[in-house]
Structure formats: C-alpha cells, structure tokens
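Tertiary structure, described
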Amino acid sequence: CGTYVGGADDDIYNEVSRAAMVREGDTTILTVANDVLGEFEGFAMLVPVPELLEADDLKVIEPAVFDRLAAYSAPRLVSYS
C-alpha cells in the first residue's frame, strides 16, 4: 500500500497496515490505516496512483471503520444439517 519516506537517520516503524478498496462505477476508493511510530518531521507516505490527486481527494476517516470492516469480513462458522 505504499512506502514510508523519512530522513536518512529517521527511525520509522510500522507493525500493522490495513487496506480496503471499494469500486463504484469509475471511482475507486483506497483506504489505508497504519500504526506508524517515530519522528514525523519530514515524514511522508507514498502511494502510487494512476492520476494526480488534489487535496480534496484525501480524507481522514475514523479508525472504527476498519474495525467494522474486520468484523463484517471475519470468518464465520456455518453448520448445515
């Protein structure tokens, strides 16, 4: 889902990344959540996309969205008799 960029001596760590992709018509929405730890001065996350994005194209969502998606897509035990 991209790569992290910082200074040469920056210690940047990420233990978990979660991503969700939704497509509706000709619109694709990619949502990424990371638990990045470290110094954030000069920090960036690069995500390759097929076209130039404007500031209005980027949004911050509540972390609960990923919790709900995880619960919705979790494996379920089903028994047929």
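Residues numbered from 1 in each chain as written. Predicted model: local features only at pLDDT ≥ 70, side-chain atom pairs only at ≥ 80, totals over all residues. Heavy atoms only, no water.

Counting its secondary structure elements, the protein chain contains one helix and six strands. Each helix (α) and strand (β) of the protein chain, taken in turn from the N terminus, gives the series β-β-β-β-β-β-α. Expected size for 81 residues packed as a compact globule is a radius of gyration near 12 Å; at 17 Å, the protein chain overshoots this value by more than 25%. Counting only C-alpha atoms, the protein chain reaches 60 × 30 × 20 Å along its principal axes. Considering only contacts in the protein chain between residues 6 or more positions apart, those separated by 24 or more positions represent 53%. In the structure as shown, the protein chain presents an accessible area of about 7,500 Å², 56% of it carried by carbon and sulfur atoms. Taking the average location of the 5 positive side-chain charges in the protein chain and that of its 15 negative ones, the two points are 17 Å from each other. (Helix = DSSP H or I, 4+ residues; strand = E, 2+ residues; numbered from the N terminus. Rg over C-alpha atoms; globule rule 2.2 N^0.38 Å. Contact = heavy atoms within 4.5 Å. Areas by Shrake-Rupley, 256 points an atom, 1.4 Å probe, with all protein chains shown as cover. Lys, Arg positive; Asp, Glu negative; His and termini not counted. Charge placed at Lys NZ, Arg CZ, Asp CG, Glu CD.)

Once that is clear, we can look at the pattern of salt bridges. By the definition in use, this model includes one salt bridge. For Asp-67, the salt bridge goes to Arg-18, with nearest N and O atoms at 3.6 Å. One end of the pair, Asp-67, is in helix 1 (residues 64-73); the other, Arg-18, is in strand 3 (residues 17-24), and 49 residues separate them in sequence. Accessibility expressed as a relative area gives 32% for Arg-18, which makes it partly exposed. (Salt bridge = Lys/Arg side-chain N within 4 Å of Asp/Glu carboxyl O. Buried < 20%, exposed > 50% of the residue type's maximum accessible area, 1.4 Å probe, protein only.)

Remember that the coordinates give geometry; whether it matters functionally is a separate question.
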